[in-house]
Amino acid sequence: MTLRRTASAAIVVFLALGAAVACFPIYMAVVNSFKTQGEMFESFVALPSKLHFENYAQAFEQVNLLRSTMNSVLLSLLGIGGILLCSSLAGYKLSRTKSRLSGFIFFLFISSMLVPFHSIMIPLTRMAKALQAQGSLFGLSLIYIGLGVNMAIFLYHGFVKSIPRELEESAHMDGCGELQTFFRIIFPLLMPITVTIAILDFLWIWNDFLLPLLMLTDMNQYTLILSTNTLFGEYNKEWSLILAALVLTALPVLIIFAFFQRFIMAGIAEGAVKG
Amino acid sequence: MSIKTNKSVWRLLAFVAPAFALYAISLLIPTIGGMYYSFTDWNGLKRTYGFIGFANFVDALTDDPDFVRSLWFTMKYVLYMVVLQNVIALLLAAFIETRRKSKAFFRTLFFMPNMISTIISAFIWTFVFTQVLPQLAERTMLTFLDQSWIGDPRVSFYSILIVSLWNGVGYMMIIYLAAMQGVPKSLQEAATIDGAGPFQTFVRVTLPMIAHALTICFFLTLNGAFKVFEAVYGLTGGGPGRSTQVITMNIYEEAFSNNFLYGYASAKSIILFVIVLIFTFLQIRVMKKREVEA
Amino acid sequence: MKTSWKTMLAGALAAVLLTGCGSNAAESGGASSGAASGETVAAKAVTLKMFVAIPRFKQQFDQYVEQFKAKMKAEKNIDLTVQMEMPTADTAPQILKTRLASNDAPDIFSLHAINEIPSFYKAGYLADLSGQPFTDKLLDSVKSSVSIDGKIVAVPLETLSWGYLYNKAIFAEHGLTPPATLSEMKTLTETLQAKGVTPFLLSYSESWIPQLVLPLAAGALINTENPDFIDRMNRDEGSFQELKAMFDIFDLINANGTDRALEVGGDDGAAAFAQGKAAMWLQGPWYADTILKSDPDFNFGVAALPVNNNPDATMINLSTSTSLAVSPDSKNKEIAIEFINYVLDDNDSNAFYESLKFNPLATVHTFDSFSWVNDATEYVKQGKSYQDPVIPQAVKDEVGKGLQSYYAGQMTQDDVLNALDRAWKNYNKVNQ
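Cut-off values and rules
Residues numbered from 1 in each chain as written. Chains lettered and ligands numbered in written order. Predicted model: local features only at pLDDT ≥ 70, side-chain atom pairs only at ≥ 80, totals over all residues. Helix = DSSP H or I, 4+ residues; strand = E, 2+ residues; numbered from the N terminus. Rg over C-alpha atoms; globule rule 2.2 N^0.38 Å. Buried ≥ 20, exposed ≤ 12 C-beta atoms within 10 Å, placed from the backbone. Contact = placed C-beta atoms within 7 Å. Pairing = 2+ DSSP bridges. Axes fitted to C-alpha atoms, helices over the stretch in contact; angles between N-to-C directions. Core = buried A, V, L, I, M, F, W, Y, C linked by C-beta atoms within 7 Å. Domains from an automatic or database assignment. Nonpolar A, V, L, I, M, F, W, Y, C, P; charged D, E, K, R; others polar. Parallel < 35°, antiparallel > 145°, perpendicular 65-115°, else oblique. Left-handed = near helix turned anticlockwise from the far one by under 90°.

Examining the overall build of chain A
No. 1: Scanning chain A for helices and strands turns up 13 helices and zero strands.
No. 2: Helices (α) and strands (β) of chain A occur, in sequence order from the N terminus, as α-α-α-α-α-α-α-α-α-α-α-α-α.
No. 3: The C-alpha atoms of chain A give 24 Å as radius of gyration, which overshoots the globular expectation for 275 residues (19 Å, by more than 25%).
No. 4: Taken along its principal axes, the extent of the C-alpha atoms in chain A is 75 × 70 × 35 Å.
No. 5: Counting the 275 residues in chain A, one finds 47% classified as buried.

Considering the overall build of chain C
No. 1: For chain C, the helix and strand inventory stands at 19 helices and 14 strands.
No. 2: Counting the 432 residues in chain C, one finds 49% classified as buried.
No. 3: Within chain C, residue pairs in contact and separated by at least 24 positions form 77% of the contacts whose partners lie at least 6 positions apart.

Things to note about the sheet that holds strand 7 (residues 159-162) of chain C
Residue and element names in this part refer to chain C.
No. 1: The three strands lie next to each other as 7-12-14, forming an open sheet whose pairing is mixed. The sheet is open, and its two edges are formed by strand 7 and strand 14 (385-387), each paired on a single side. Taken pair by pair, the neighbouring strands of this sheet meet at an average axis angle of 20 degrees, ignoring direction.
No. 2: In the sheet, strand 7 pairs with strand 12 (residues 316-320) via four bridges, with the strands oriented antiparallel. Bridging from a neighbouring strand, T159 pairs with T320 of strand 12.

So, the nonpolar core
In a soluble, globular protein the nonpolar side chains are often hidden away together inside.
No. 1: Counting 225 residues, the largest nonpolar core has M173 and Y176 of chain B as the members making the most contacts within it.
No. 2: Counting 78 residues, the second largest nonpolar core, distinct from the first, contains L282, A376, A419 and A423 of chain C.

A closer look at the domain arrangement of chain A
Residues and elements named next belong to chain A.
No. 1: Per the domain assignment, the segments of chain A are domain 1 (2-52) and domain 2 (66-274).
No. 2: Computed from C-alpha atoms alone, the centre-to-centre distance between domain 1 and domain 2 is 34 Å.
No. 3: With eight residues of domain 1 at the contact, the number on the domain 2 side is seven residues.
No. 4: Elements represented by at least two residues in the side of domain 1 that touches domain 2 include exactly helix 1 (2-33) and helix 2 (37-42).
No. 5: At four residues, the largest contribution of residues to the side of domain 1 that touches domain 2 is made by helix 1.
No. 6: Across the side of domain 1 that touches domain 2, the residue classes tally to three nonpolar, four polar and one charged.

Some words on the pairing of strand 12 of chain C
Residues and elements named next belong to chain C.
No. 1: The buried count for strand 12 comes to five of five residues, which makes it a mostly enclosed element.
No. 2: Residue alternation in strand 12 divides its side chains into two sets, I316, L318 and T320 and N317 and S319, and both sets are buried.
No. 3: In the sheet, strand 12 pairs with strand 14 via three bridges, with the strands oriented parallel. The partner of I316 across the bridge, within strand 14, is S385.

Focus on the packing of helix 4 (residues 65-96) of chain A against helix 10 (residues 191-207) of chain A
All names here are of chain A.
No. 1: At a closest axis distance of 9 Å, the pairing of helix 4 and helix 10 adopts a crossing angle of 140 degrees. In terms of axis orientation, helix 4 runs oblique to helix 10. The crossing of helix 4 and helix 10 is right-handed. Of helix 10, the residues touching helix 4 (which contributes S72, L75, S76, G79, I80, I83, L84 and S88) are T194, I197, A198, D201, F202, I205 and W206.
No. 2: Taken together, the residues of the contact of helix 4 with helix 10 sort by class into nine nonpolar, five polar and one charged.

Some points on unusual backbone geometry
Residue and element names in this part refer to chain C.
No. 1: Here D149, not a glycine, exhibits a phi torsion of approximately 60 degrees, which is positive.
No. 2: Note that D149 resides in the loop between strand 4 (147-148) and strand 5 (151-152).
No. 3: Overall, D149 belongs to the exposed group, with 9 C-beta atoms counted inside 10 Å.

Observations regarding the interface of chain B and chain A
No. 1: Contacts between chain B and chain A engage 69 residues on the former and 63 residues on the latter.
No. 2: The set of elements that each furnish at least two residues to the side of chain B that touches chain A consists of helix 1 (2-37), helix 3 (65-98), helix 4 (103-115), helix 5 (118-139), helix 6 (153-181), helix 9 (211-226), helix 11 (247-256) and helix 12 (262-293) of chain B.
No. 3: The element contributing the most residues to the side of chain B that touches chain A is helix 1 of chain B, with 21 residues.
No. 4: Of the residues that constitute the side of chain B that touches chain A, the class distribution is 51 nonpolar, 15 polar and three charged.

Concerning the environment of T198 of chain C
Residue and element names in this part refer to chain C.
No. 1: As for its position among the elements, T198 is in the loop between helix 8 (182-194) and strand 9 (200-201).
No. 2: With 179 residues separating them along the chain, T198 and T377 place their C-alpha atoms 28 Å apart.
No. 3: Contacts of T198, omitting those with residues within four sequence positions, involve G257, T258, K277 and A278.

Topic: the domain arrangement of chain C
Residues and elements named next belong to chain C.
No. 1: Once the domains are mapped, chain C shows domain 1 (40-158 + 321-344) and domain 2 (161-319 + 370-430).
No. 2: Computed over C-alpha atoms only, the centres of domain 1 and domain 2 are separated by 30 Å.
No. 3: If you look at the interface, domain 1 gives nine residues, while domain 2 gives eight residues.
No. 4: Its residues placed into classes, the side of domain 1 that touches domain 2 shows two nonpolar, five polar and two charged.

A few points about the packing of helix 5 (residues 100-110) of chain A against helix 7 (residues 137-160) of chain A
When two helices pack together, their arrangement is given by the angle between the helix axes and by the axis-to-axis distance.
Residues and elements named next belong to chain A.
No. 1: Here helix 5 crosses helix 7 at 130 degrees, and the two axes come no closer than 8 Å. It follows from the interaxial angle that helix 5 and helix 7 lie oblique. Where helix 5 approaches helix 7, its residues F106, F109 and I110 are matched on the opposing element by N150, I153, F154 and H157.
No. 2: Taken together, the residues that form the contact of helix 5 with helix 7 break down as five nonpolar, two polar and no charged.

Considering the pairing of strand 3 (residues 108-112) of chain C
Residues and elements named next belong to chain C.
No. 1: Within strand 3, five of the five residues are buried, which leaves it mostly tucked inside the rest of the structure.
No. 2: Burial of the side chains of strand 3 extends over both faces: I108, S110 and H112 are buried on one face and F109 and L111 on the other.
No. 3: Here strand 1 (residues 44-51) pairs with strand 3 via two bridges, running parallel. Paired with M50 across the two strands is I108, which belongs to strand 3.
No. 4: Inspection of the sheet shows strand 3 paired to strand 13 (residues 322-326) by five bridges, in the antiparallel sense. By the bridge assignment for strand 13, L111 is matched with S323.

Points about the sheet that holds strand 13 of chain C
All names here are of chain C.
No. 1: Taken in spatial order, the five strands line up as 2-1-3-13-6 in an open sheet, and their pairing is mixed. Across the chains shown, the open sheet's two edge strands, defined by having one partner strand only, are strand 2 (78-85) and strand 6 (155-156).
No. 2: Across the sheet, helix 4 (residues 113-122) touches strand 3, strand 6 and strand 13, and the angle it forms with strand 3 is around 115 degrees.

Considerations on the environment of A57 of chain A
No. 1: Structurally, A57 of chain A can be placed in helix 3 (residues 54-62).
No. 2: Each C-alpha atom, one on A57 of chain A and one on L210 of chain A, is 27 Å from the other, the two residues being 153 residues apart in sequence.

Written as structure tokens, this is what we have:
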């Protein structure tokens, strides 16, 4: 019994240490973002004597926070909305239709899941330019939809199998057309996997760096991550200011995380199991 | 019969059309485009280019010491990542699973770093590595903290590992936790009654039951590790010199610095793609077999 | 019923795609018509895309653009919108090259005159600006740096006269003057060490900083002993082994420098230098702004770097870096060229250049140079200066990375020199 106790205690200690390591950088970032530059160099670990919000005010301005956040939100909403709409339709139909064509199309979608972004980076920018999609958030969102549908279709495809066909058949008998059936009956049932996909794609699009960097030309269209990155390239490395900007950038995601924890974690687990 | 199949074909195509159109534009055509360019000598500063067959591929593997070095470096990184990330995630999941009250608390805490974008994590850790740790080393007795975490090539490998692990472990941990919850307690209790220690129970009972999760997590880690970019970009930029240059950074440098050899860079990214394909295929093959046996 | 939703879906998709394309098309359509006809009564709307990779001067640029917009409105009745893209220096080349290669060239873009004009010109990315009003105002010393093939292809913004920076207070305190030869430098270093002062500030985390040794050493050697080095390298007939001497000064600097060089970036270095952490810094006055932000009263000077024991080889490097060029494919070429001319405007250019803390480079610039520029000018007056040697950017990048590795003890001198030879050969292969 005592062995159990000590083992249990050891586990707690281990977890506590791990938690400390996990939180340490975040704690450092937050705590030091409230200090002045000089105060910071005296001791990084200490708590700030006074909460210097000026860093945040300055970061707010330099990162163009409101605008950048709005851009990120817009991009994410458009991207996710598009992905969900297109993928649910496609995944559903592909799963239900058992034909050579359907199998082939499905294969086409999945085969690219392993392709690294760098392989398509340049041809993609050329394509975007040809289609006039470059330099606009809207165009960028279309690209994200194109990039995100393959995984979403894969997940929808698997999930639809768990919905009995009788539901559609009875809906048809009641006189519903294909689309009606889909939106009224099937789509609501897809909610769990929809949430999963939405969350995973949100994390991806919101935090993405390289693609928006190459696509967006106007600084007014920069997403939050991009704006923060420009701060890092300035000639002056004022850490307390930079940290404030970094905290501001991470904040929206962390807030969403705080509210939707359960969903997020459940979603990831679901996604893995189905995959 | 034929009318019905025709209609159903149309229906299928219509449902699939929007997704497929955007997919073709964003992914399919560029992928094919990339493959095409890899056979040319297109560079960013010339408007015309010519077909040169497999020359790019041959050059990359025989006449490009930086690329080969980045290949080996990346493989080393992948090996460490796959092992460490999964071991740590498993350990955390197993330990958290034993808790009753603090489970949700620890789960949240360990998952939180995953929410932060990789590049932001890299920036925060740059601050910690270059400013905080040296000061800490001075003030306390922990002198081993006083390294040139980013500047010393021997140490920067581990710095990148640390950042990637910090950012990624939470994700795997969640998957493992969910999988472990699906293991019937009765089995574990039966094993304990039969005299098995906790470690044995874990290896003989729990692990086989979460084999599917293991396959998934290994796949995700493998795939992700080969493509690592942002962590390295934000932390060392591939430096000093090229000592921490992973494949993606080498490709990036080839395409966007040096002589802007897009064709050559495309060829290298195809090589990367093939390598990832081979490894993940092998990995899934091996682990799926294990799953069936369990 | 069945057909209607099909058409609905197709229609919806088409509409969605077209609106995305339409808005961008409308913009460029309006812009081209605006440039074509300038004499109509109604104001024409024109959009210019500018790509200027110096984000630290965003304010000054934005203001100057506003002035230009007002001028366009007043003189030509044009409503000008400017899309200003100001990426950081490390991502700028990538983004610019991507745009140029995808036929998405900005109307006006910045480039490094010495490093990038040759390759950009060969690729056809630079419009010919010869004969424009601004060319007459350029000082002769600067004209050649923005010309190629007898044509002027850019308006210079940043000109540099540099060698290394030194802390005038520390030098005065110990009665030192900038050395004229390598052995004098050695003695000076020893003197400083004996007095407990770190001679050199090292900041090698950004590869372009250790790279600075190359133009200085190469420039010095080329202009004294090896005049046709560049030509021979361009013909695959030379080798960097001829410039091995550059390691002499590099080794001396590294042996007497601050710690943890590979973790210190340029701006951290500037702050440290301003705080007196070292007496000298192998760097150019482009960091003046940053240094003075740390300490507005800091007194520093520019001196020529000795690379060997030949005092005639100790010279100042004259270079032109950031310059603005126009894309020959620009749909608003006339307006873009207007802006280029405006950069050296008779009335407004003076204030602009002064606010940027750049050096005067045209006849219209009357503001006083900074004290360190006067230091450099002294050398120039004595004939101890040279034009920055035209070394391909790819080779310069290779030097930066190579010297970082060398400093970290991972490459030997020969490794670095071989890598440089390879880099130049590859450059030649690609840029016939």
